[in-house]
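Summary of the model geometry
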Amino acid sequence: MEPITPAQDPTDALSSVPASGAGRGPAPTGRLRFFFGPMDCGKSTLALQIDHNQARQGRRGLLLVRHDRSGTPTISSRMGLARNALEVHEDMDLCTVVRDHWARGARVDYLIVDEAQFLSAEQVDQLAELADDAHLEVYCFGLATDFRSTLFPGSQRLFELADELNAIQVEVLCWCGRPGRFNARVHDGDVVRAGDTVLVADTVLVADTAPDTVEVRYQVLCRTHYRTGDLGPHTVKGHQLSLT
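Rules used throughout
Residues numbered from 1 in each chain as written. Predicted model: local features only at pLDDT ≥ 70, side-chain atom pairs only at ≥ 80, totals over all residues. Heavy atoms only, no water. Helix = DSSP H or I, 4+ residues; strand = E, 2+ residues; numbered from the N terminus. Buried < 20%, exposed > 50% of the residue type's maximum accessible area, 1.4 Å probe, protein only. Contact = heavy atoms within 4.5 Å. Areas by Shrake-Rupley, 256 points an atom, 1.4 Å probe, with all protein chains shown as cover. Salt bridge = Lys/Arg side-chain N within 4 Å of Asp/Glu carboxyl O. Pairing = 2+ DSSP bridges. Axes fitted to C-alpha atoms, helices over the stretch in contact; angles between N-to-C directions. Phe/Tyr/Trp six-rings, centres within 6.5 Å; stacked < 30°, edge-to-face > 60°. Lys NZ or Arg CZ within 6 Å of the ring centre and 35° of its normal. Left-handed = near helix turned anticlockwise from the far one by under 90°. Nonpolar A, V, L, I, M, F, W, Y, C, P; charged D, E, K, R; others polar. Patch = residues over 30% accessible without salt bridge, like charges linked within 9 Å, V, L, I, M, F, W, Y side chains within 5 Å. Lys, Arg positive; Asp, Glu negative; His and termini not counted. Charge placed at Lys NZ, Arg CZ, Asp CG, Glu CD.

Next up on the list: the overall build of the protein chain. What the protein chain contains, in helices and strands, is six helices and 14 strands. Considering the protein chain as a whole, with its 244 residues, one finds that 39% of them fall into the buried category. For the protein chain, contacts bridging at least 24 residues in sequence account for 71% of all contacts bridging at least 6. Only carbon and sulfur atoms are counted for the fraction: they give 51% of the accessible area of the protein chain, which is about 14,700 Å².

Okay, here's the thing in structure tokens:
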């Protein structure tokens, strides 16, 4: 009598047990991590520290930046630390950048990306591809929201795709002493809530039709004082605070 072959369960293909010796763990992959916080919380300092620690172990990294406050292709910290970096342009394909390094015989084990909020959503997708397919460790650093308290497109995509989201724990204070997380744009002494999203660093604009200079800067505020536009006591000569 012929042995009876049982009908194949259609779910077997989804739940088969691997043969002995076959790899059972997940495929090796890199990670996409986003470190975020307001101005002055130490994002660039941490980026440079991670690069230093990785390089000490013989790993080779590629440093990328978009619109550094210095106006140069540099990752710079307000504490005075700085490293040269590759400036990311609007139409740059980050996968192609890494492949070009490989083609020149350069090893790339990890990426450090500062001012990542200015990346396009497509460029963040490319970083995720490099983490998944090239097994690179990708460290991104940047602001979450702009001066209107709206997510930057690059930051929004990082929140959607990153394997790890890390709010930097160095506390930045509003002038009132409460934690500040809103990056207010101050135009000639007033908080403004409209204008170009990208206006880098503390700068001074000169009007074409007037000889006077107009100060444009950023100040971290708590939610209450961001909402009310209250910049607190002003600085006088000698850098002392005046309450008058």
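Resuming the write-up.
As a further point, take the pattern of salt bridges. Taken as a whole and judged by the stated rule, the model has ten salt bridges. A salt bridge links aspartate 40 to arginine 78, with the shortest nitrogen-to-oxygen separation between them at 3.2 Å. Here the residue aspartate 40 occupies a position in the loop between β1 (32-36) and α2 (43-56), and arginine 78 occupies one in the loop between β3 (74-76) and β4 (82-84), the gap between them amounting to 38 residues. The class of aspartate 40 is partly exposed, set by a relative accessible area of 49%. With relative accessibility at 47%, the residue arginine 78 sits in the partly exposed group. In this structure, the salt-bridge partner of arginine 148 is aspartate 146, at a minimum N-O distance of 2.6 Å. By relative accessible area, arginine 148 is classed as partly exposed at 34%. Looking at aspartate 146, the relative accessible area reads 3%, which means it is buried. Each of Arg31, Arg33, Glu137 and Glu164 takes part in a single network of salt bridges with overlapping partners.

Attention now moves to the environment of glutamine 156. Along the polypeptide, glutamine 156 turns up in helix α5 (residues 153-161). Along the sequence, glutamine 156 and alanine 121 sit 35 residues apart, while their C-alpha atoms lie 8.0 Å from each other.

We now examine the sheet that holds strand β5 (residues 86-87). The strand order across the open sheet built from six strands is β5-β2-β6-β7-β1-β8, with neighbouring strands paired in parallel fashion. Both edges of this open sheet fall to β5 and β8 (164-167), since each of them pairs with a single strand only. One ladder, built from four bridges, connects strand β6 (residues 110-114) with strand β7 (residues 137-142); its direction is parallel. Across the sheet, tyrosine 110 pairs through a bridge with glutamate 137, a residue of β7. Relative to β1, α5 is tilted by about 130 degrees, and along the sheet it contacts β1, β7 and β8.

Glancing now at the packing of aromatic side chains. All told, the structure shown has six aromatic pairs when counted by the stated rule. Plain terms: the ring middles of phenylalanine 34 and phenylalanine 36 are 5.6 Å apart, the flat faces sit at 35 degrees to each other, and that makes the pair tilted. Comparing phenylalanine 34 with phenylalanine 36, the two get one shared label, buried. Relative to phenylalanine 152, the ring of phenylalanine 118 has its centre 5.5 Å away and its plane inclined at 85 degrees; by these criteria the two rings are edge-to-face. In this pair, phenylalanine 118 sits in the loop between β6 and α4 (121-133) while phenylalanine 152 sits in the loop between β7 and α5, placing the two residues 34 residues apart along the sequence. Summarising the burial analysis for this pair, phenylalanine 118 and phenylalanine 152 share the class buried. An aromatic cluster is present here, built from Phe34, Phe36 and Phe159 joined pairwise through their rings. The residue whose ring lies beneath arginine 185 is phenylalanine 147, and the NZ or CZ to ring-centre distance is 3.8 Å. When the ring centre of tyrosine 226 is taken as origin, the NZ or CZ atom of arginine 193, which lies over that ring, is 4.7 Å away.

Direction vectors running N to C along α4 and α5 enclose 35 degrees, while the axes themselves pass 8 Å from each other. With respect to the hand of their crossing, α4 and α5 are arranged in right-handed fashion. Along the contact surface, α4 presents Ala121, Val124, Asp125 and Ala128, while α5 presents Gly154, Arg157, Leu158 and Leu161. Tallied by class, the residues present in the contact of α4 with α5 amount to five nonpolar, one polar and two charged.

This brings us to a positive patch on the surface. Together, Arg178, Arg181, Arg223 and Arg227 make up a positively charged patch on the protein surface. Examined against the element boundaries, arginine 181 turns out to sit in the loop between β8 and β9 (182-187). Accessibility expressed as a relative area gives 54% for arginine 181, which makes it exposed.

Once that is clear, we can look at the pairing of β1. Judged by how many residues are buried, β1 sits mostly within the fold: five of five residues are covered. Neither face of β1 is left uncovered, since the one carrying Leu32, Phe34 and Phe36 and the one carrying Arg33 and Phe35 both have all their residues buried. The pairing of β1 with β8 spans four bridges and is parallel. Residue pairing for β8: phenylalanine 36 is matched across the bridge by alanine 167.

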